[in-house]
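# Structure assessment
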Amino acid sequence: MSNRPIYLDCHATTPVDERVLAAMLPYFTEHFGNSSSLNHLYGWEAEAAVKQARELLATTIHATPEEVIFTSGATEANNLAIKGVAEAYCQKGRHIITVQTEHSAVLDPCRYLQSLGFELTLLPVQSDGLIDLTQLEQALRPDTILVSVMAANNEIGVLQPLAEIGTICRDRRVLFHTDAAQAIGKIPLDVEAMKIDLLSMTAHKVYGPKGIGALYARRRQPKVQLAPQLHGGGHERGMRSGTLYTPQIVGFAKAVEIALAEQPEETVRLTQLRQQLWQHLSQVDGIHLNGHPTQRLPNNLNISVEAIDGAALLLGLQPVMAVSSGSACSSTTIAPSHVLIALGHSEQLAYASLRFGIGRYNTADEIDKVGQYIVATIASLRWQIPSRRYQTV
Ligand SMILES: *Cc1c(COP(=O)(O)O)cnc(C)c1O
């Protein structure tokens, strides 16, 4: 294990915490029942476990258990929220507002709706990655049915002002959805105080299992109407059919419970590690910090480097560390990160970028090793091609 690269890609996914795994295991074997089988003990056991998990997740965001719909992850939750609202409210209006820096699991359902005749406004962001609230207000129209703005960005970690957005939307009677895949368990979320109507979650970014998530959909003041996207046995109040995946649901709740209990100390620790990494990297000439310096996830650092070939840099780092360049979700396509382009960066700076997601198991020693290695790698790449200078932005 020790010679494997140091993992610093926690915005892509995280390992399952041993405590989470231990909570899940009995539900694969001994307590394997179907939570809909209410005629016998096996079903009751599964149902009780799901109920407990649902209550915990609801409490975490100040919702009620009936407002939690389990899904296969945040992608499905986003699809259900966006397409489900669009279908249910298309008589009222056909205008949706979202942001250029959203995850593809928000942008692509919105673009799909656009292909069906809905109108889409993609708000730009300021150079720090935050939206301009005045622009949001100006974008709202009488036929706007949904505003979707993410809680925390998966590339630059920037935290959007949810409470302010919620207030603007509520005043104009427009539903507010937030993709909180990166935020759950990391920052406090309160659907009441923040006036959030729909919120997407996932387990695997907080040391829970992959393949499980949830959508919160408000049931009172206002009650959100949703058109289900999966039809079948009528699970989850008809909103999402399919036998509930009990072990994953148990693991999801356990992961969020642990993250919340440890959040205060972990936030301090991660912020220190991030600061330590930045101390190393800020020595490099022509290095840029992407995204707001403080209004961001404590474990996120995203940098761009001038006068360097992004692909060569990543290749040089791979033996020692696992980090991503641009968005992990689009790393199969060779396009510069749409998030960094939205910040106003040139293509070169967008390509020559690194995203660090520091995690629960990273140590100060690892951060020093990584920091020193990156500084040395950049120096050696620049030394090899000294004449290769890109235009400074
Ligand atoms: C990871 C992520 C998703 C996708 O979540 P899955 O559970 O993997 O489907 C959606 N939005 C954001 C912001 C993410 O970081």
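Residues numbered from 1 in each chain as written. Predicted model: local features only at pLDDT ≥ 70, side-chain atom pairs only at ≥ 80, totals over all residues. Heavy atoms only, no water.

Attention now goes to the site of the ligand. The ligand sits among Gly 73, Ala 74, Thr 75, His 103, Met 150, Asn 154, Asp 179, Ala 181, Gln 182, Thr 202, His 204 and Lys 205. Within the backbone of Ala 74, an N or O atom sits 2.9 Å from an oxygen atom of the ligand. Between the ligand and Thr 75 there is a distance of 2.6 Å, counted from an oxygen atom to a side-chain nitrogen or oxygen. Tallied by class, the residues present in the shell around the ligand amount to three nonpolar, seven polar and two charged. (Near = heavy atom within 4 Å. Polar contact = N/O pair within 3.5 Å; in protein donor to acceptor, adjacent residues only side chain to side chain. Nonpolar A, V, L, I, M, F, W, Y, C, P; charged D, E, K, R; others polar.)

Bringing the packing of aromatic side chains into the picture now. By the definition in use, this model includes two aromatic pairs. Both rings, one in Phe 32 and one in Tyr 42, keep their centres 5.3 Å apart while their planes meet at 40 degrees; by these two values the pair is tilted. Pair noted here: Phe 32 is in the loop between α1 (18-24) and α2 (41-60) and Tyr 42 is in helix α2, with a separation of ten residues, a long-range link. Relative to Tyr 361, the ring of Tyr 207 has its centre 5.9 Å away and its plane inclined at 85 degrees; by these criteria the two rings are edge-to-face. In this pair, Tyr 207 is assigned in the loop between β7 (198-202) and β8 (213-217) and Tyr 361 in the loop between β12 (353-357) and α11 (364-384), connecting sequence segments 154 residues apart. The aromatic ring of Phe 118 is capped on one face by Arg 94, whose charged end is 4.8 Å from the ring centroid. Seen from the ring of Tyr 207, Arg 360 lies directly overhead, with NZ or CZ sitting 4.0 Å from the centre. (Phe/Tyr/Trp six-rings, centres within 6.5 Å; stacked < 30°, edge-to-face > 60°. Helix = DSSP H or I, 4+ residues; strand = E, 2+ residues; numbered from the N terminus. Lys NZ or Arg CZ within 6 Å of the ring centre and 35° of its normal.)

Here we take up the nonpolar core. In terms of nonpolar packing, the biggest core is built from 57 residues, with Ile 61, Phe 70, Val 147, Leu 189, Leu 199 and Phe 252 touching the most fellow members. Of the residues forming this core, the biggest block, five residues, is contributed by helix α7 (residues 246-281). For this core, the two domains that each supply at least three residues are domain 1 (6-13 + 263-388) and domain 2 (18-256). Residue contacts for Phe 252: discarding those within four places in its chain leaves Leu 57, Phe 70, Met 201, Thr 202, Ala 203, Pro 209, Ile 212, Gly 213 and Ala 214. Of all hydrophobic cores here, the second largest spans 27 residues; its members include Leu 273, Leu 277, Leu 313 and Ile 374. (Core = buried A, V, L, I, M, F, W, Y, C linked by side-chain atoms within 4.5 Å. Buried < 20%, exposed > 50% of the residue type's maximum accessible area, 1.4 Å probe, protein only. Domains from an automatic or database assignment. Contact = heavy atoms within 4.5 Å.)

Next up on the list: the sheet that holds strand β9 (residues 287-289). Here we have three strands laid out as an open sheet, ordered β9-β10-β12, and antiparallel in their pairing. What marks the edges here is a single partner per strand, and that holds for β9 and β12. Along the sheet, successive strands turn relative to each other by an average axial angle of 25 degrees, direction set aside. As judged from the three bridges shared by β9 and strand β10 (residues 300-305), these two strands associate in the antiparallel manner. If you follow Leu 289 over to β10, its bridge partner there is Ile 303. In the packing of α7 onto the sheet, contacts are made with β9, β10 and β12, and the angle to β10 comes to roughly 15 degrees. (Pairing = 2+ DSSP bridges. Axes fitted to C-alpha atoms, helices over the stretch in contact; angles between N-to-C directions.)

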